[in-house]
Amino acid sequence: MALLLDILTTVAILYAVASGLLLIFGVMKIINFAHGAFLTLGAYASLVASNLGLSPWAGVPLAILVGALAGMVVELLIMRPLYARPLDAILATWGLGMVIGQLITLAFGREVQFVASPVQGTVNVWGTDYSAYRLLLVVAAAVIGIGMAALLTRTRFGLITRAVIMNEQLARGLGIHSGAVRFITFSVGAGLGSLAGCLITPLSSVDPNMGIPWLMNAFMLVMVSGASMASLLLATLLFGAIQVVVSTYFSPILGGLAIVVLAAITLRIRPKGFARD
Amino acid sequence: MIIPALELKDVESGYEQAMVLRGVSLQIAPGEIMALLGKNGMGKTTLLKAVIGYLPKRAGTVQVFGQDVTHWPAHRVARQRVAYSPQEQALFAELSIRDNLRLGLSSDKGFDEGYAAMTEHFPFLAGRLAQLAGTLSGGEQKMLVVARALMMRPRLILIDEITEGLQPSVITRLAASLRRERATHGTAMLIVEQNVGFALQVADRYSVLKRGEIVAVGATADPSAEQIINSQLQV
Amino acid sequence: MLVVAVAPFMLDSYTLSILVRAIFFAMLALTVDILWGYTGVLTFGQSAFFGAGAYAAGLVFTHLGFSPEMAALALGEALLSAGLIALLVGWLSFYHGATPLYASVISLVLPIVMTQLLFSGGTFTGSSSGLTGYVSFDLSLEAWFWWAGFALIAITALAWRFVHSDAGRLLVATRDNEMRCSYLGINTSTLKIGLLVATALVAAVAGFGYASFSGVVAPELAGFVFGTEIIIWVALGGRGTLIGPVFGALLIECASAYLGGSLPYVWKLLLGAAFVGVIVLLPQGLLPALLARWLPKHWATSAKPAVTLVEAAARPTSGAQATEAVALRGVGKHYGSLRVLKDIDLVAAPGELVSLIGPNGAGKTTLMRCMSDGAERSSGTVHIAGNDIGRAPPYVAVRYGLGRKFQTANVFATLTVAESLRIARTRLDPPSLWRRAEQLALPAYALAVLQVTQLDKKLDTEARNLSHGEQQALELAMVLAMEPRVLLLDEPTAGLTLAERTLIGQVFLDLTHRFGLCLLLVEHDIEFVREISTRLVVLHEGHIAMQGSVQEVVESELVRTIYSGAAATPHGASA
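Residues numbered from 1 in each chain as written. Chains lettered and ligands numbered in written order. Predicted model: local features only at pLDDT ≥ 70, side-chain atom pairs only at ≥ 80, totals over all residues. Heavy atoms only, no water.

A tally of regular secondary structure across chain B gives eight helices and 10 strands. At 17 Å, chain B has a C-alpha radius of gyration in line with the 18 Å of a compact globule built from 235 residues. Seen through its principal axes, chain B has C-alpha atoms that stretch 45 × 40 × 35 Å. Here chain B holds 235 residues, and the buried ones make up 57% of them. Of the contacts made within chain B by residues no fewer than 6 positions apart, 68% connect residues no fewer than 24 positions apart. Only carbon and sulfur atoms are counted for the fraction: they give 49% of the accessible area of chain B, which is about 9400 Å². In chain B, the 25 positive side-chain charges and the 23 negative ones have mean positions that sit 2 Å from each other. (Helix = DSSP H or I, 4+ residues; strand = E, 2+ residues; numbered from the N terminus. Rg over C-alpha atoms; globule rule 2.2 N^0.38 Å. Buried < 20%, exposed > 50% of the residue type's maximum accessible area, 1.4 Å probe, protein only. Contact = heavy atoms within 4.5 Å. Areas by Shrake-Rupley, 256 points an atom, 1.4 Å probe, with all protein chains shown as cover. Lys, Arg positive; Asp, Glu negative; His and termini not counted. Charge placed at Lys NZ, Arg CZ, Asp CG, Glu CD.)

Here it is, written out as structure tokens:
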């Protein structure tokens, strides 16, 4: 039972972390290697909120705000010239991640810090006592997933965004300002990354380089998912489960490698990964 | 003096190395339908792409209803109520008919009204809003492209080879729709075609494009139009 | 050289030891530049090979002790492990049809896996703290500096010689246009795997040297973050210049050692910001930007020797000429439920000029793709000059004698006309790894194309600076330089003037009638097709609606119906 819950919560966290990266990759075909840094920003936003003595929940809106604002600045200054150079965009966003990481270090120091969980204690699930906060994360990930699905399929903005994903030139010819769509998407994606960082802080410690391992797993999950939220869920479920099982029964180190290795092999066998034809 | 719906003056444009349009001038009056004819590779599609704003112009000007749009990006040109239908991949195949039609409008207001009008033009659309555009037959897809263009009640329509590979009956229906739209709303149109029969049937005037230059212009009502066009197309 | 020779007498020992470390890093930067700057393979994983070399030294010296024999064993192990890993990674990364992004993804996974394995190695690998305190070569600091410095100069010189040789141009050709390489019969996958192995070996030697010198190895040396640091040196120094990355590595490492101590975070911040700035604003890097400003323009181009064209000796046709130049049997192609080609049977003999006609979307270009790329078709068989192409990538069909010219000019943007033609000859005249040949042998008909289009006067012009028509002619000349037996041409007359069309028609007639090539044309221009074809094939909705002589087809009722309304033929105009 505990194993099942571990899988469920791990998958939820991975999904929350990867969704922002996927959104940006889907719309712009660009891999945002600063996603780990946005995540770190969100974590520090929640640290600041808790240091200021605010409600533990105040970190959430603060993280979204900080991430989205950072995303806007980055899109305007750095991403615009790089849409035609996707490999260079990876490098520039990586460099940007370095810059953000160093700024955080300058401001907060490089030591590991902790944030208290807003929800304490455990919940009894079918006979197993389980961390209430981890279960809450499942709800949060579901809200993020459903919210994004609703945004993309139920609103006009979502329709326009999907049109840009499918055929940007045609969308422009129909009067859609694809530059604006990119700007908004990048900001939302950065905000989501930041939100995910804020959500995972009570589970892990906070340090300036905390985003990098998350970035790697999220990146590999996005690579095998194409641009679809549904295939991301599938990939996360499958690989996340394997990660937990391997970590529990074999070795945490092998478990930590499970996602990157399995994703790389999946792509070798089936370049589209989990995306449909 | 009447402001033309579309006016090109000495437009030069093309792709990176290749100069395709070598000084094209063209005028379409409001409510006028112009057919642009020419063989493959002569620059017809390039001309439409230059007008809508996909391609940069190296020289010359493009004006839409008196507004200089030469250096505007595509979405701004389209928002001048210019409807553009490319020859290939003109639909979002993975979106429903409803969503494809919604993308023809600048907001969801007026969808019901527009949709009602379109089912009159193209009865097959009735009751099939949820169907994916990619699952329609070739002819239905072309009709959906035209329906989307008409949704926003445009002032100017640019259509690239709509008759390609279609049954004669569908071609006749499309011709009737375009004529009717013009008659009721005074829409100006620039129709790129290889099908001379269709062009003569729909358009008021024709232009022939050859290696990036306009080599003949005339009225379709002129009895010798077909002969002139064919002699221009042959060489 | 002189600088390296005297430097130890000018510098203090702290600076010297920093420089020695930086020199080993600079060797690593060279390998990244070869892969990324020249070949276009963005790699985050060269650090893994460096780490493999370093750990080979560290492990052997720690567990087996140091002696000359053990050093040789360690070096051997470094080379072997790096080479094997590179083979595996290359096989994973560079399959036919792999995207550049996929190779980068794999190059990311490699160092991540390596570091985790090192972490989990317990006392054997020293886990997270690595290995220290082992005995290594007993050399003075000065001696280390000389050894490393001269090795770096030697490696740089070798790399320089290689990338500027005829074979080295293949790297740039692969970067510019991998598909064109494949259609010139070059197996780019093998090329890249070989290159990866070679650079991995150099990286392993650098790692071996580093570990022997410093007496410390740590998992970070094999890590992904170190892998990105190398990219920063290369990007700032100037990718694709060799010298730039070397100086980038040396200067940044020295500056890091001095500034990193006093201002660690600010220094990394500045470095990151400079990196972002260079990627966005100066993708070519700082060194080329400075050189462009200070040096006159001819500096870069003057080094190229003039090339003279000569006619290639006629090759004996191997064995009996196959009677079927190309044969398709039952070829079909579908995307999901959409059937684009249905049951195509088409045979053409040497000396034939077959034109494929039909409305847009009839499947003509798809058919050409199926003839050249074994992975394209869904069913049926394709034989080129009697050889079954199976499911193989295009370079195999090309080796059997196929040549394909695309509709839009498909050339190497940054290679000159002469270099492009030399690449096209790769398979027939293997290029030198060290030199640039002064003669370029081409078959008579390729020379003729160059002469009539006057490209023979522009041999030193880069393809991107040619006009559209000249690029088309260059592509045709490149394809002909391979001495193909079957030539596929997709709309060769599109956008040409009447005079050019007549000229190219004459070339095609010569190729078929005088040289016995088999030509297959996709063409819309019916007039042109009538004048030169020996046979017409009409494609309609994915199947062959009709084939026969020009006369039969043009006058058939069926063709008029297919083209009904389309004015492309004079006959269809009245419909």
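Next, the rest of the story.
On to the interface of chain A and chain B, then. If you look at the interface, chain A gives 17 residues, while chain B gives 24 residues. Summed over both sides, the interface between chain A and chain B buries roughly 1800 Å², with carbon and sulfur atoms accounting for 60% of that surface. Its largest share of buried area at the contact with chain B, chain A owes to Arg156(A), Leu170(A) and Leu174(A), together 33% of the area lost on that side. Where chain A meets chain B, there are two salt bridges. At the junction of chain A with chain B, the criterion picks out eight residue pairs in polar contact (both at pLDDT 80 or more). Where the side of chain A that touches chain B is concerned, the elements lending two or more residues are helix H6 (156-166) and helix H7 (168-173) of chain A. (Buried area = accessible area lost by both parts, 1.4 Å probe. Salt bridge = Lys/Arg side-chain N within 4 Å of Asp/Glu carboxyl O. Polar contact = N/O pair within 3.5 Å; in protein donor to acceptor, adjacent residues only side chain to side chain.)

A few words on the pattern of salt bridges. Enumeration according to the criterion identifies 29 salt bridges over all chains in this entry. What emerges from the salt-bridge pattern is a single network uniting Arg156(A), Arg162(A), Asp99(B), Arg102(B) and Asp108(B).

Another aspect to go through is helix H16 (residues 364-372) of chain C. Counting buried positions over the nine residues of H16(C) gives seven, a clear majority of the element. For H16(C), the set of buried residues is Lys364(C), Thr366(C), Leu367(C), Met368(C), Cys370(C), Met371(C) and Ser372(C).

On to the sheet that holds strand E5 (residues 67-68) of chain B, then. All names here are of chain B. Taken together, four strands build an open sheet; the order of strands is E2-E1-E4-E5 and the sheet is antiparallel. Looking at which strands have only one partner, the edges of the open sheet turn out to be strand E2 (19-28) and E5. Here strand E1 (residues 6-14) runs beside strand E4 (residues 57-64); their pairing, made up of six bridges, is antiparallel. Bridging from a neighbouring strand, Ser13 pairs with Lys57 of E4. Across the sheet, helix H1 (residues 44-52) is in contact with E1, E2 and E4; its angle to E2 comes to roughly 70 degrees. (Pairing = 2+ DSSP bridges. Axes fitted to C-alpha atoms, helices over the stretch in contact; angles between N-to-C directions.)

Glancing now at the interface of chain C and chain A. Counting from both sides, the interface comprises 36 residues of chain C and, opposite them, 34 residues of chain A. For the pair chain C and chain A, the two sides together bury roughly 3200 Å², of which 83% comes from carbon and sulfur. It is Tyr265(C), Leu269(C) and Val280(C) that lose the most area in chain C upon contact with chain A, and together they represent 18% of the buried surface on that side. Salt-bridge contacts for Arg239(C) lead to Asp88(A); the nearest nitrogen and oxygen are separated by 3.1 Å. Summed over the shared surface of chain C and chain A, the result is eight residue pairs in polar contact (both at pLDDT 80 or more). Among the elements of the structure, helix H4 (68-93), helix H5 (100-119), helix H11 (224-237) and helix H13 (264-281) of chain C are those that each provide at least two residues to the side of chain C that touches chain A. Per-element tally for the side of chain C that touches chain A: the top contributor is H5(C), with 12 residues. Of the residues that constitute the side of chain C that touches chain A, the class distribution is 28 nonpolar, six polar and two charged. (Nonpolar A, V, L, I, M, F, W, Y, C, P; charged D, E, K, R; others polar.)

Quick look at the environment of Trp434(C) now. All names here are of chain C. Along the polypeptide, Trp434 turns up in the loop between helix H18 (417-424) and strand E10 (439-442). The spacing of Trp434 and His164 is 270 residues in sequence and 7.8 Å in space, taken between C-alpha atoms. Among all residues touching Trp434, those that are not within four sequence positions of it are Leu158, Arg161 and Ser165.

Running from N to C, helix H9 (residues 211-225) of chain A and H5(C) cross one another at 145 degrees; their axes reach a closest spacing of 12 Å. Between H9(A) and H5(C) lies a crossing whose hand is left-handed. Across the interface between the two elements, Met216(A), Phe219(A), Met220(A) and Met223(A) of H9(A) pack against Leu101(C), Val105(C), Leu108(C), Val109(C) and Ile112(C) of H5(C). Residue composition of the contact of H9(A) with H5(C), grouped by class: nine nonpolar, no polar and no charged. (Left-handed = near helix turned anticlockwise from the far one by under 90°.)

Residue and element names in this part refer to chain C. For the pair helix H19 (residues 444-452) and helix H20 (residues 468-481), interaxial distance at closest approach is 8 Å and the crossing angle is 170 degrees. Taken together, the axes of H19 and H20 lie roughly antiparallel to each other. In this structure, H19 contributes Tyr445, Ala446, Val449 and Leu450 to the contact, and H20 contributes Ala473, Leu476, Ala477, Leu480 and Ala481. A breakdown of the residues in the contact of H19 with H20 according to their chemical character gives nine nonpolar, no polar and no charged. (Parallel < 35°, antiparallel > 145°, perpendicular 65-115°, else oblique.)

All names here are of chain C. With 93% of its residues at a pLDDT of at least 70, chain C reaches an overall mean of 87. Low confidence marks residues 298-302, where pLDDT is under 50. Its contacts with residues over four positions away, or in another chain, come to one contact. Confidence drops under pLDDT 50 across residues 565-575; counting only partners more than four residues distant or on other chains, this segment forms 29 contacts. (pLDDT = per-residue confidence, 0-100.)

Right, let's get into a nonpolar patch on the surface. Taken together, the side chains of Leu65(A), Leu69(A), Met72(A), Val73(A), Leu76(A) and Leu77(A) present a nonpolar region at the surface, about 560 Å² in accessible area. Its place among the elements puts Leu69(A) in helix H3 (residues 59-79). (Patch = residues over 30% accessible without salt bridge, like charges linked within 9 Å, V, L, I, M, F, W, Y side chains within 5 Å.)

Turning to the packing of aromatic side chains, a few remarks are in order. Summed over the entire model, instances satisfying the criterion amount to 31 aromatic pairs over all chains. Consider the rings of Phe25(C) and Tyr210(C), whose centres lie 5.2 Å apart with planes at 25 degrees: the pair is stacked. Here Tyr210(C) lies in helix H10 (residues 188-214) and Phe25(C) lies in helix H2 (residues 13-38), a separation of 185 residues in the sequence. Of the two residues, Phe25(C) and Tyr210(C), neither departs from the other in class, the shared state being buried. Measuring from centroid to centroid gives 5.1 Å for Phe66(C) and Phe137(C), while their planes differ by 75 degrees, and the two rings are edge-to-face. Of the two residues, Phe66(C) sits in the loop between helix H3 (46-63) and H4 while Phe137(C) sits in the loop between strand E1 (131-132) and helix H7 (141-163), which places them 71 residues apart along the sequence. Through a chain of ring-to-ring contacts, three or more aromatic side chains come together here, namely Phe24(C), Phe61(C), Phe66(C), Tyr134(C), Phe137(C), Trp144(C), Phe208(C) and Phe213(C). A cation over a ring is seen here: Arg182(A) above Tyr83(A), with NZ or CZ 4.0 Å from the ring centre. When the ring centre of Trp91(C) is taken as origin, the NZ or CZ atom of Arg268(A), which lies over that ring, is 4.7 Å away. (Phe/Tyr/Trp six-rings, centres within 6.5 Å; stacked < 30°, edge-to-face > 60°. Lys NZ or Arg CZ within 6 Å of the ring centre and 35° of its normal.)

It is worth spelling out helix H4 (residues 86-108) of chain A at this point. All names here are of chain A. When the terminal C-alpha atoms of H4 are compared, their 32 Å separation across 23 residues agrees well with the 33 Å that a helix rising 1.5 Å per residue should span. The buried count for H4 comes to 18 of 23 residues, which makes it a mostly enclosed element. Gly109 occupies a position one or two residues after H4 and carries a positive phi of about 80 degrees. (Expected span 1.5 Å × (residues − 1).)

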